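Report on the structure
These are the residues of each chain, in order.
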Amino acid sequence: MRPGRLAAAADAIDGVPGVPVTGATSGSGRRPALSPFTRTLLALLIGAGPALSGVLPEDEADVMYHSYSGGGITVEGPSVLIRKKVGDSLSFTANYYEDMISSASIDVRLSASPYHEIRRQKSIGVDYLHGKTTYSFGYINSVEPDYRADTTYYSVSQDMFGDLTTVTLGYKRAWDRIYRDICNAPHPTGTYCPDIINDPTFHQQADHRGYSFGASQILTRNTLIDLNYEIDTDEGYLANPYREIRYLSPGGLGFTLAPQVYPNTRTSNAASVLLKYYLPWRAVLTAQYRYYHDTWAVVGDTFELGYTLPVWHRWVFDTTLRYYTQSHASFYSDLFPRADYQNYEARDRELAAFDSYTVGFGASYEFEIPKVPWIHKSSANLRVDRMLIDYSDFRNALLADIYGAGNEPLYHLDATIFEAFISVWF
Amino acid sequence: MSHRSERERAPALRAALRLAALALLLAGCSGVQPWVKPYEREHLADPIMSLSRNSISATYLDHMFETREGSHGATGAVGGGCGCN
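From a predicted model like this one, the values you see are computed outputs, not experimental measurements.

Turning our attention to the overall build of chain A. Scanning chain A for helices and strands turns up four helices and 18 strands. Expressed as a percentage of its 426 residues, the buried residues of chain A come to 51%. Surface accessibility of chain A: about 19,000 Å² in total, with carbon and sulfur atoms responsible for 60%.

Right under this line is the structure:
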């Protein structure tokens with residue numbers, strides 16, 4: 001499931017009550033209503049912001065093929081992005097993105113059947129520039145057979161202090177509808193299901209709101225810093241309807257599967273800092289850190305280092321090293337001692353404790369397209385990332401018959417991520 | 001609707017929004033001189049220093065990590081849907 005994110009002011013300015021910001025174990029809501037002082041400040045900043053001048057993004061088109069392969073899952077597909085200015089004040093963005101998923105992951109093999117499906121995502125966005133203020137809003141629609149999501153987002157950016165600083169406030173609202181696929185008519189051989197439908201007895205919803213604050217700052221003639229802070233609230237059905245917990249039971253494999261029970265609310269805080277430094281030999285060093293915490297007791301730390309080096313006039317090489325670590329959710333367990341052991345129970349890998357290492361390498365080649373004068377720059381790009389995840393408390397339950405329930409080896413995941421894309425600026 | 005006390009409101013949200021609002025208001029009435037002059041920003045204007053270079057790739061990688069980790073947010077990206085099994 002995809003929790004909501006991003007952030008904002010518009011809702012607050014209008015005085016519209018926010019989303020419940022309850023802890024994970026509470027079902028009753030508290031609203032983060034803003035004080036009159038805060039609302040007044042926000043209204044003033046929108047209405048009386050300085051009117052200087054900013055910059056809209058360049059006209060650009062990108063066509064990408066992406067692929068993820070690991071842990072029995074293959075996800076691949078295209079992505080097309082077009083950005084076009086109209087006049088001096090408006091810029092439009094449109095994106096089509098597709099995930100073609102073939103999954104026989106460890107979770108699927110334990111409690112469901114391998115499947116193939118396609119997720120299609122379409123989005124449009126508008127940037128409006130007024131002086132040094134940029135107003136942005138957009139809409140995203142994502143459809144897959146058992147999950148539909150509509151997302152709107154709004155943000156306002158302001159350049160200030162002689163263009164040394166850019167401050168951004170954002171807000172996001174998303175509505176998800178969750179279904180569960182079932183097999184309507186299995187194939188006579190029993191090996192696959194040619195007729196999959198939504199379970200008519202299962203239809204859930206989830207709402208997400210996000211509020212964000214960002215600031216980019218020029219520190220020196222060679223150094224940039226970018227700060228971001230985001231609060232998200234999620235409410236509704238937040239579990240994965242296909243995955244199950246397991247609890248100890250005598251006989252058989254030594255465990256029994258049961259449905260997951262998630263809290264209906266989640267509130268998260270994330271803060272990040274990114275530093276870019278221009279080196280004397282025309283190269284850039286990038287360092288980034290993000291801290292994450294939520295009401296489910298998940299704490300995550302992300303560290304990333306990057307090095308960008310242009311060579312031979314037309315080539316740019318990127319190398320990144322990313323380390324991520326997280327603690328498990330308070331209601332997560334790989335193996336519960338008995339049935340109905342606690343109110344909330346989960347065994348989603350994403351809520352387990354783990355460490356993840358990702359090494360990435362990218363190459364970009366700039367070229368001209370002959371006889372097309374309106375394209376002034378083009379590039380061909382390849383990127384490969386290798387991701388390794390070591391789980392600390394998620395075991396390979398498929399090996400329970402060999403090792404016994406609770407004694408299986410910890411699960412380990414290797415994945416390769418590949419991207420190829422062409423970009424043109426016009 | 002019942003009255004809700006100050007203590008019940010999300011303190012982090014209020015603090016962040018107040019800070020942002022104050023910063024933006026100050027920008028409108030202050031005469032801060034830039035300590036890095038426009039003619040000193042050659043390196044900063046180099047495309048390899050851009051915060052949004054290869055945005056289509058950055059958005060894809062954000063989505064890829066987000067569907068496999070418990071953390072999300074503060075990346076500047078907006079996405080939708082699931083694609084997470």
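Read on, since the account is not over.
Attention now moves to the overall build of chain B. Looking only at helices and strands, chain B has two helices and zero strands in total. The 85 residues of chain B split such that 51% are buried. For chain B, the accessible surface area stands at approximately 4,100 Å², while carbon and sulfur atoms represent 59% of it.

Once that is clear, we can look at the confidence of the model for chain B. One rule of thumb: low pLDDT means the predicted coordinates there are not for detailed reading. All names here are of chain B. Confidence along chain B averages 73 in pLDDT terms, with 51% of residues attaining 70 or more. Note that pLDDT drops below 50 for residues 1-6; the model gives that stretch eight contacts with residues more than four away or on any other chain. This complex was scored by the predictor with a pTM of 0.81 and an ipTM of 0.84.

A word on the environment of Glu350 of chain A. Residue and element names in this part refer to chain A. Within the element layout of this structure, Glu350 appears in the loop between strand E15 (315-326) and strand E16 (354-367). With 18 residues separating them along the chain, Glu350 and Tyr332 place their C-alpha atoms 9.9 Å apart. Of the polar contacts made by the side chain of Glu350, one reaches the side chain of Arg243; its length is 2.6 Å.

This part is about the pattern of salt bridges. Per the stated rule, a full pass over the model turns up 25 salt bridges over all chains. The partner of Asp318 of chain A in a salt bridge is Arg53 of chain B, and the shortest N-O contact between them spans 2.9 Å. One end of the pair, Asp318 of chain A, is in strand E15; the other, Arg53 of chain B, is in the loop between helix H1 (11-29) and helix H2 (55-66), on a second chain. In this structure, Arg322 of chain A and Glu69 of chain B form a salt bridge, with 2.9 Å as the shortest nitrogen-oxygen distance. Of this pair, Arg322 of chain A sits in strand E15 while Glu69 of chain B sits in the segment after H2, placing the two residues on different chains. By relative accessible area, which is 6% here, Glu69 of chain B ends up buried.

A separate point is the packing of aromatic side chains. All names here are of chain A. For the coordinates displayed, the defined rule picks out 24 aromatic pairs over all chains. Geometrically, the ring pair formed by Tyr154 and Tyr171 is stacked, given 6.0 Å between the ring centres and 15° between the ring planes. In this pair, Tyr154 sits in strand E6 (residues 147-160) while Tyr171 sits in strand E7 (residues 165-183), placing the two residues 17 residues apart along the sequence. Judged by its relative accessible area of 37%, Tyr154 falls in the partly exposed class. On the accessibility criterion, Tyr171 (8% relative accessible area) is buried.

Every other side chain in a regular strand lies on the same face of the sheet, so the side chains alternate between the two faces. Residues and elements named next belong to chain A. Where E16 meets strand E17 (residues 377-395), 14 bridges bridge the pair, whose relative direction is antiparallel. The residue bridging Phe361 from the neighbouring strand is Val384, located in E17. Sheet analysis places E17 next to strand E18 (residues 410-425), joined by 15 bridges and oriented antiparallel. Along E18, the bridge assignment pairs Arg383 with Glu419.

A few words on H2 of chain B. Across its twelve residues, H2 of chain B extends 16 Å between first and last C-alpha, which sits within 8% of the 16 Å expected from 1.5 Å per residue. For H2 of chain B, a buried count of nine out of twelve residues is recorded, marking the element as mostly surrounded by other parts of the structure.

With that settled, the discussion passes to the pairing of strand E12 (residues 265-279) of chain A. All names here are of chain A. Taken together, the 13 bridges between strand E9 (residues 223-236) and E12 define a ladder with antiparallel strand orientation. The residue of E12 that forms the bridge with Leu227 is Val273. Relative to strand E13 (residues 283-294), E12 runs antiparallel, the two being bridged by twelve bridges. Its bridge partner lying in E13, Lys276 is registered against Thr286. Connecting E12 to the antiparallel partner E13 that follows it, the hairpin turn spans three residues, and Arg282 within it adopts a positive phi of roughly 50°.

Another aspect to go through is the confidence of the model for chain A. The predicted model of chain A averages 87 in pLDDT, with 87% of residues at 70 or higher. Confidence, expressed as mean pLDDT per element, reaches its minimum in chain A at helix H1 (residues 10-13) of chain A with 28 and its maximum at E15 of chain A with 98.

All right, on to the side chain of Glu345 of chain A then. Residues and elements named next belong to chain A. By the secondary structure assignment, Glu345 is in the loop between E15 and E16. For the buried Glu345, which has no salt bridge, the nearest side chain bearing the opposite charge is Arg338, at an N-O separation of 7.2 Å. Discounting chain neighbours no more than four positions away, the residues touching Glu345 are Ile245, Gln260, Val261, Tyr262, Phe331, Phe336, Arg338 and Asp340.

Core analysis: the biggest nonpolar cluster contains 46 residues, and Tyr68 and Leu351 of chain A have the highest contact counts within it. One finds Leu224 of chain A together with Val36, Ile48 and Met49 of chain B within the second-largest nonpolar core, a separate group that totals ten residues.

Cut-offs and rules
Residues numbered from 1 in each chain as written. Chains lettered and ligands numbered in written order. Predicted model: local features only at pLDDT ≥ 70, side-chain atom pairs only at ≥ 80, totals over all residues. Heavy atoms only, no water. Helix = DSSP H or I, 4+ residues; strand = E, 2+ residues; numbered from the N terminus. Buried < 20%, exposed > 50% of the residue type's maximum accessible area, 1.4 Å probe, protein only. Areas by Shrake-Rupley, 256 points an atom, 1.4 Å probe, with all protein chains shown as cover. pLDDT = per-residue confidence, 0-100. Contact = heavy atoms within 4.5 Å. Polar contact = N/O pair within 3.5 Å; in protein donor to acceptor, adjacent residues only side chain to side chain. Salt bridge = Lys/Arg side-chain N within 4 Å of Asp/Glu carboxyl O. Phe/Tyr/Trp six-rings, centres within 6.5 Å; stacked < 30°, edge-to-face > 60°. Pairing = 2+ DSSP bridges. Expected span 1.5 Å × (residues − 1). Lys, Arg positive; Asp, Glu negative; His and termini not counted. Core = buried A, V, L, I, M, F, W, Y, C linked by side-chain atoms within 4.5 Å.

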